[in-house]
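The lines below spell out each chain.
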Amino acid sequence: DKATLKKALWADMFTGRLRSEIPPAVEALCDGVIASGTQLDELDLSDNAFGPDGIMAVTRLLTSPACYKLHTLKLHNNGLGIGGGKILAKALGESIDIATKEGREFPIHTIILGRNRLESEGAMALAPVFARMVHLESITMFQNFVSGTGVEALANAFGNLNDMKVIDLNDNTFKEQGGIAMAKVLPLLPFLHTVNFDDCLLQSEGFHHLAAAFEQGCDSLERLSLAHNDAEAEAGLAVARALRNKKSLAYINLDGRCSSLLVPAVAFLLPFFERSL
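All figures in this text were calculated on a predicted structure; none of them were measured in a lab.

Enquirer: Any chance you could break down the side chain of Asn170 for me, citing the residues and the numbers?
Expert: Position of Asn170 among the secondary structure elements: in the loop between strand S6 (166-168) and helix H6 (175-185). Judged by its relative accessible area of 17%, Asn170 falls in the buried class. Those residues in contact with Asn170 that lie beyond four places of it in its chain are Phe142, Gln143, Asn196, Phe197, Asp198 and Cys200.

This is the structure we're talking about:
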């Protein structure tokens, strides 16, 4: 009987438990929230290694009135895998369907799904669901083994989300395919202020595509991180030149294996930073 409960912060609750023990416990917690009649603002189940069975135990909660006002969903480091990603996509899709049928807006604006081994197949299952989340502002999906096809699917989804402010996909494998896809979308997001594509194997080709995107738009950009991408110095300079008129830019990271790009890029950008001080 906790109808005033707004945040279910259940991260790292099951350390040392067998994986088979966790889903029934999670399901019991979720059923309790549903029975209470509350409507959550935030649900955090991060750092519980429950896998696909665990996310299945959460689906009834996600589609219930208890999540009709949910704005933040954190499922970081849960071992979801491809199967868990598909289960989550189905549950979120059903939630959106219910909201649409009832004439409500789907409220989620922040999703954290880092370190879940979703791979491209899982990302491709989630992408069309993200595209329907009209209020989505922040997406964090780092270290998920997503390759070019998955990144392209995510980029296509982001193109529908005018409110997007934060994209963190670091430690996935863009290569040129992912770089091209993201470069097409980023200029379409007027409120985008934080981009983290560290360690995404963008290489020089990806840097050039992103540089073209920054020339076209991204005027709200405040933080950009492109470290450890195997880019040559010339490609780093292309990015630096494209950022020269971004008046809100306060942080840029071009560090990494190719340290030769850092000094010339910083030397080029420094006068623009000093001008804004």
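Enquirer: Report on empty space enclosed by the protein, specifying residues and quantitative values.
Expert: Applying the stated criterion to the full structure yields three cavities of 30 Å³ or more. Lining the largest cavity, in full, are Leu62, Thr63, Ser64, Cys67, Tyr68, Ser95, Ile98, Ala99, Arg104, Phe106 and Pro107. When residues in the lining of the largest cavity are grouped by element, the largest group, three residues, is from helix H3 (residues 81-101). Looking at the lining of the largest cavity, its residues break down into seven nonpolar, three polar and one charged.

Enquirer: Can you tell me about the sheet that holds strand S1 (residues 7-9), naming the residues and giving the values?
Expert: Across the sheet, which stays open at both edges, the nine strands sit in the order S1-S2-S3-S4-S5-S6-S7-S8-S9 with parallel pairing between neighbours. Each edge of the open sheet carries a strand with a single partner, namely S1 and strand S9 (251-253). Across the sheet, the axes of successive neighbouring strands diverge by a mean angle of 5°, strand direction being ignored. Of the strand pairs in this sheet, strand S3 (residues 72-74) and strand S4 (residues 110-112) are connected by three bridges, and their pairing is parallel. Note that in S4 the partner of Lys74 across the bridge is Ile112.

About the thresholds
Residues numbered from 1 in each chain as written. Predicted model: local features only at pLDDT ≥ 70, side-chain atom pairs only at ≥ 80, totals over all residues. Heavy atoms only, no water. Helix = DSSP H or I, 4+ residues; strand = E, 2+ residues; numbered from the N terminus. Buried < 20%, exposed > 50% of the residue type's maximum accessible area, 1.4 Å probe, protein only. Contact = heavy atoms within 4.5 Å. 1 Å grid on protein atoms, 1.4 Å probe; cavity = no way out; pocket = protein on both sides within 12 Å on 5 of 7 lines; lining within 4 Å. Points joined across faces, edges and corners; volume = space filled by probe spheres on them. Nonpolar A, V, L, I, M, F, W, Y, C, P; charged D, E, K, R; others polar. Pairing = 2+ DSSP bridges. Axes fitted to C-alpha atoms, helices over the stretch in contact; angles between N-to-C directions.

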